[in-house]
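# Overview (structure and organization)
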Amino acid sequence: MIELSGIRKAFNQGQHNEYWALNGIDLAIEANKVTALRGPSGSGKTTLLTLVGCLARPTEGRVRLKREDISGLPERFLTEIRRRTFGFIFQQFNLIKGLTALENIILPAYPTGQPRRELLERAETLLANLKLGHRRDAKVEWLSGGEQQRVAICRALINDPEAVIADEPTANLDTHLAKEFMAILEALAGEGRTILLTSHDPLVVESAVVDRVVDMRDGVIVDCG
Amino acid sequence: MARRIRPSTRALLVLAVAAAAFVATLLDAAIPRARREAESNETRALVARLGLTDLALFTEARYTRHPTQADLHSAFQDHPLALEHFPTGSLLPPPRHEAVDRETALPD
Amino acid sequence: MKQWIEKQRYLIDFTLASLARRKTRNLGLLGVYILLVFVLASVALYTHALRIEAGKVLAASPEVILQRLVAGRHDLIPPGYIDRVGRIRGVQKKEGRLWGYYYDAVVKANYTFMVPNAGGVEKGEIVVGPALERSRGLAAGNGISFRSYSGKLHTFIVADVLPQASELVSADLVLMHEEDFRAFFDYPSGHFTDIALTVANPLEVRNVALKLSAALPDSRPILRDEVLRTYASIFDWREGIVLALLSAAILAFGILAWEKASGLSADEKREIGILKAIGWETGDIIKMKFWEGLLISLTAFLVGFVAAYLHVFYYAATLFEPVLKGWSVLYPRFQLTPHIDGLQVATLFFFTVFPYAAAVLVPIWKAAITDPDAVMRG
């Protein structure tokens, strides 16, 4: 589904603190599979996620989504591809405080201008699937960590994306909640979604749900799985 | 969610009401008022009968009661930049008499 | 189209939700904003209506008033002066006027004493303005004594009170008979305060004035046009209090806008990052903020203006009274006829709504063009 070739990514390019986070990545991510990026912090796995998810553009190299080169597209198109194709689950959940769970979930669909009733129905279904229906009108800052993550998952799914990208999804969860998350992940994979995540949690990368583990270190891939 | 009014509905409603009130003020100002018109005419008649020249807004000093009749070249009686004794002095700029002055200075 | 509307409503929903998070701060801001518009609009409406009123009413005042100057100061018209005016073509009527000021130590107010040339006031009687009626509790039939400048006490009977509707020009008037006037002020007989000339043809007025100053070099003609112009400039919205208030208000507004412009918190920046990461375009975020600016400034403008309108035309501009009153004891009570100057409203709109909307957008623009991957890295 996604092909990366000769990817390099620099931060602060041209300045004295120039830093190459990625240094020549070639990787193909298959559709309908769960792929995990594993590596120590600073290995560049999160940076790689941002490139795959169209959050950032590579300094060098090409990103192809369904055989289409998207690395040179202007921001507007990238945003649209991102909205349609990817759902994001961030490590810090990144929910908007002051809004209810339901409002947070439908937020990614605002720019599409779909009828509110449809959106709310979809959000309610998603919440019900994750057994969170009773918390729909709660402000997100009142939710527990596990609940917040489930709201974040619902938000990632509101636009019905083909791929879900998760950055260290279990980093802020205890074992019990982490296992619950893996169950949710399995269900998502079962729906035929492509899943790409980063983790160095053995519970995640050694799980049977994960089809492929890619090992990274110092901005390069050391084991393609 | 239908049970709670959407914030945008509420905001647009408030805005619509405010806009309607604004339009109402414009209409209100445009409506001629027979009673006010009559009073205005009555005042005009009084002005004509008595030969009044000024509004009775500021009665504390000669130059504020009759700004148009105050001494020439001395709108504030003293120097125009002199500290004012009366707060309303700040409301009255020096009267503009220049037009006739200049013309009358020329030989006819 | 439906989709577009729905999208805008989503953006409004979001911007209102984020405003509601800092409810006190934002309501306070809106309050100050409304107050600012209210003051500016009140001043604009009030001065405009007063200018119109003055123009309408004073259009009936004499075409030319002739004063005599001695050493640059207004002096009495000596006997025979009126005849020296001679026969100037275009002058229909010329008559000496008698009027002056009287300080009433009882209520510490200044009155304008005047002799109506048309007559109508009997000897020993006076007709008073409505403000006198209030301040001294006078009514028709009452007697009142004034101590003249020479120390003698003069008693008059109030024959009538001038109509309240004309208070704007007549509040402090005391009309009396010529003989009473001369006796009261020890006004030398044959002398007058000034001369009122009636000129039938408005085009002749300037000519008449030129001829007058040529014939009587110590005279000063005051034309009605000048009177009207003086009042137009007194209430011109750029002048006097308006200017002072306007500059202060605009300065305050600048501070307000600056506060807003530089007030993009780390939280707000993070939020923008999140929105971009989950699929909002830079344009969506700017539109969202545009709605914020528009909603606040439009609400403030409309509410402030309507409140100002009610204040000026239905509550007689009560809040301005102390300022306009100054130190005067007698102040006319008058109701202005509503007038709205379209250009004035447009100017007010432009200067209050536009800068605010812009001030909100500027910092957002900077924040919105940052890369969305910042949320992942942070």
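Residues numbered from 1 in each chain as written. Chains lettered and ligands numbered in written order. Predicted model: local features only at pLDDT ≥ 70, side-chain atom pairs only at ≥ 80, totals over all residues. Heavy atoms only, no water.

For chain C, the helix and strand inventory stands at 14 helices and 10 strands. Relative to a compact globule of 378 residues, whose C-alpha radius of gyration would be 21 Å, chain C shows 31 Å and is clearly more extended. Overall size of chain C, expressed as C-alpha extent along the three principal axes, is 100 × 45 × 40 Å. The buried share of chain C, reckoned over its 378 residues, is 54%. Considering only contacts within chain C whose residues lie at least 6 apart along the sequence, 78% involve residues at least 24 apart. (Helix = DSSP H or I, 4+ residues; strand = E, 2+ residues; numbered from the N terminus. Rg over C-alpha atoms; globule rule 2.2 N^0.38 Å. Buried < 20%, exposed > 50% of the residue type's maximum accessible area, 1.4 Å probe, protein only. Contact = heavy atoms within 4.5 Å.)

Further remarks concern the layout of surface pockets. For the largest pocket, the calculated volume is near 840 Å³. If you go around the largest pocket, you meet 24 residues; those closest to its centre are B:Pro7, C:Leu16, C:Leu19, C:Ala20 and C:Lys23. At the level of secondary structure, the elements contributing two or more residues to the lining of the largest pocket comprise helix 1 (7–30) of chain B together with helix 1 (2–21), helix 2 (23–58) and helix 11 (282–314) of chain C. Of the residues contributing to the lining of the largest pocket, the split by class is 14 nonpolar, 4 polar and 6 charged. (1 Å grid on protein atoms, 1.4 Å probe; cavity = no way out; pocket = protein on both sides within 12 Å on 5 of 7 lines; lining within 4 Å. Points joined across faces, edges and corners; volume = space filled by probe spheres on them. Nonpolar A, V, L, I, M, F, W, Y, C, P; charged D, E, K, R; others polar.)

Let's shift gears to helix 10 (residues 266–277) of chain C. With 12 residues, helix 10 of chain C ought to run about 16 Å at 1.5 Å a step, and its terminal C-alpha atoms sit 16 Å apart, in line with that. Buried within helix 10 of chain C we find C:Glu268, C:Glu271, C:Ile272, C:Gly273, C:Ile274, C:Leu275, C:Lys276 and C:Ala277. (Expected span 1.5 Å × (residues − 1).)

This brings us to the confidence of the model for chain B. Residue and element names in this part refer to chain B. The predicted model of chain B averages 72 in pLDDT, with 61% of residues at 70 or higher. Mean pLDDT across the secondary structure elements of chain B bottoms out at helix 4 (residues 98–105), with 44, and peaks at helix 1, with 92. Considering only residues more than four positions removed or in separate chains, one finds that residues 74–86, a stretch of pLDDT under 50, has 23 contacts. Ignoring residues within four places in sequence, the model shows residues 97–108, a span with pLDDT below 50, making 16 contacts including any to other chains. (pLDDT = per-residue confidence, 0-100.)

Okay, the pairing of strand 10 (residues 220–223) of chain A next. Residue and element names in this part refer to chain A. Of the pairings in the sheet, the one linking strand 9 (residues 212–217) to strand 10 comprises 3 bridges and is antiparallel in character. Within strand 10, the position partnered with Arg217 by the bridge is Val220. Two successive antiparallel strands, strand 9 and strand 10, enclose a turn made up of 2 residues, where Asp218 displays a positive phi of approximately 55 degrees. (Pairing = 2+ DSSP bridges.)

Pairing between the strands of a sheet comes from backbone hydrogen bonds, and it takes one of two forms, parallel or antiparallel. Residues and elements named next belong to chain A. Spatially, 4 strands are ordered 2-1-4-5 in an open sheet, and the strand pairing comes out antiparallel. Each end of this open sheet is capped by a strand with a single partner; those strands are strand 2 (19–29) and strand 5 (68–69). Alignment of strand 1 (residues 2–11) against strand 4 (residues 60–65), held across 5 bridges, turns out to be antiparallel. The partner of Glu3 across the bridge, within strand 4, is Arg64.

Right, let's talk about helix 5 (residues 145–157) of chain A for a bit. An ideal rise of 1.5 Å per residue puts 18 Å on 13 residues; helix 5 of chain A measures up with 19 Å between its terminal C-alpha atoms. For helix 5 of chain A, a buried count of 12 out of 13 residues is recorded, marking the element as mostly surrounded by other parts of the structure. Among the residues of helix 5 of chain A, A:Gly146, A:Glu147, A:Gln148, A:Gln149, A:Arg150, A:Val151, A:Ala152, A:Ile153, A:Cys154, A:Arg155, A:Ala156 and A:Leu157 are the ones counted as buried. Contacts from the buried residues of helix 5 of chain A go to strand 6 (86–89), helix 3 (101–106), helix 4 (116–129), strand 7 (163–167) and helix 6 (175–190) of chain A together with helix 10 of chain C.

Taken as a whole and judged by the stated rule, the model has 34 salt bridges over all chains. Ionic pairing is found between B:Glu39 and B:Arg36, a salt bridge with its closest N-O pair at 2.6 Å. With B:Glu39 and B:Arg36 both in helix 2 (residues 34–50) and 3 residues apart, this pair spans about one turn of that helix. The same class applies to B:Glu39 and to B:Arg36, which are both buried. With a closest N to O distance of 2.5 Å, C:Arg136 and C:Asp104 form a salt bridge. Taken together, the residues C:Arg136 in the loop between helix 4 (130–135) and strand 6 (143–147) and C:Asp104 in strand 3 (residues 91–104) connect sequence positions 32 residues apart. Exposure remark for C:Arg136: the relative accessible area of 23% places this residue in the partly exposed category. Under the relative-accessibility criterion, C:Asp104 is labelled buried at 2%. (Salt bridge = Lys/Arg side-chain N within 4 Å of Asp/Glu carboxyl O.)

Each partner contributes to the interface: chain C provides 89 residues, whereas chain B provides 65 residues. At the junction of chain C and chain B, the tally comes to 4 salt bridges. Here C:Asp13 makes a salt bridge to B:Arg6, at a shortest N to O gap of 2.7 Å. In terms of residue class, the side of chain C that touches chain B is built from 54 nonpolar, 19 polar and 16 charged.

Turning next to the side chain of C:Arg68. Residue and element names in this part refer to chain C. As for its position among the elements, Arg68 is in strand 1 (residues 64–70). In this structure Arg68 comes out as buried when scored by relative accessible area, which is 16%. Here Asp218 takes part through its side chain, which lies 3.2 Å from a polar atom of the side chain of Arg68. Residue contacts for Arg68: discarding those within four places in its chain leaves Arg73, His74, Asp75, Leu76, Ile77, Pro78, Tyr81, Asp218 and Ser219. (Polar contact = N/O pair within 3.5 Å; in protein donor to acceptor, adjacent residues only side chain to side chain.)

Take the packing of helix 1 of chain B against helix 11 of chain C next. For the pair helix 1 of chain B and helix 11 of chain C, the least separation of the axes is 9 Å and the interaxial angle reads 35 degrees. Crossing angle aside, the handedness with which helix 1 of chain B passes helix 11 of chain C is left-handed. Mapping the contact onto sequence places B:Leu15, B:Ala18, B:Ala19, B:Ala21, B:Phe22, B:Thr25, B:Asp28 and B:Ala29 in helix 1 of chain B and C:Leu295, C:Leu298, C:Thr299, C:Phe301, C:Leu302, C:Val303, C:Phe305, C:Val306, C:Tyr309 and C:Tyr314 in helix 11 of chain C. Here the residues of the contact of helix 1 of chain B with helix 11 of chain C sort into 15 nonpolar, 2 polar and 1 charged. (Axes fitted to C-alpha atoms, helices over the stretch in contact; angles between N-to-C directions. Left-handed = near helix turned anticlockwise from the far one by under 90°.)

Right, let's get into the packing of aromatic side chains. Residues and elements named next belong to chain C. Taken as a whole, this structure holds 33 aromatic pairs over all chains when the rule is applied. Seen from their ring centres, Phe146 and Phe156 are 6.3 Å apart, and the 45 degrees between their planes marks the pair as tilted. Here Phe156 lies in strand 7 (residues 153–161) and Phe146 lies in strand 6, a separation of 10 residues in the sequence. Residue class for Phe156 comes out buried when judged on its relative accessible area of 3%. Between Phe181 and Tyr187 the ring centres are 5.4 Å apart and the planes differ by 55 degrees, which places this aromatic pair in the tilted class. Assigned by exposure class, Phe181 and Tyr187 land together as buried. Grouping aromatic residues by their ring pairs yields a cluster made of Tyr102, Tyr111, Phe113, Phe146, Tyr149, Phe156, Phe181, Phe184, Phe185 and Tyr187. The side chain of Arg182 reaches across the aromatic face of Phe192, ending 5.2 Å from its centre. (Phe/Tyr/Trp six-rings, centres within 6.5 Å; stacked < 30°, edge-to-face > 60°. Lys NZ or Arg CZ within 6 Å of the ring centre and 35° of its normal.)

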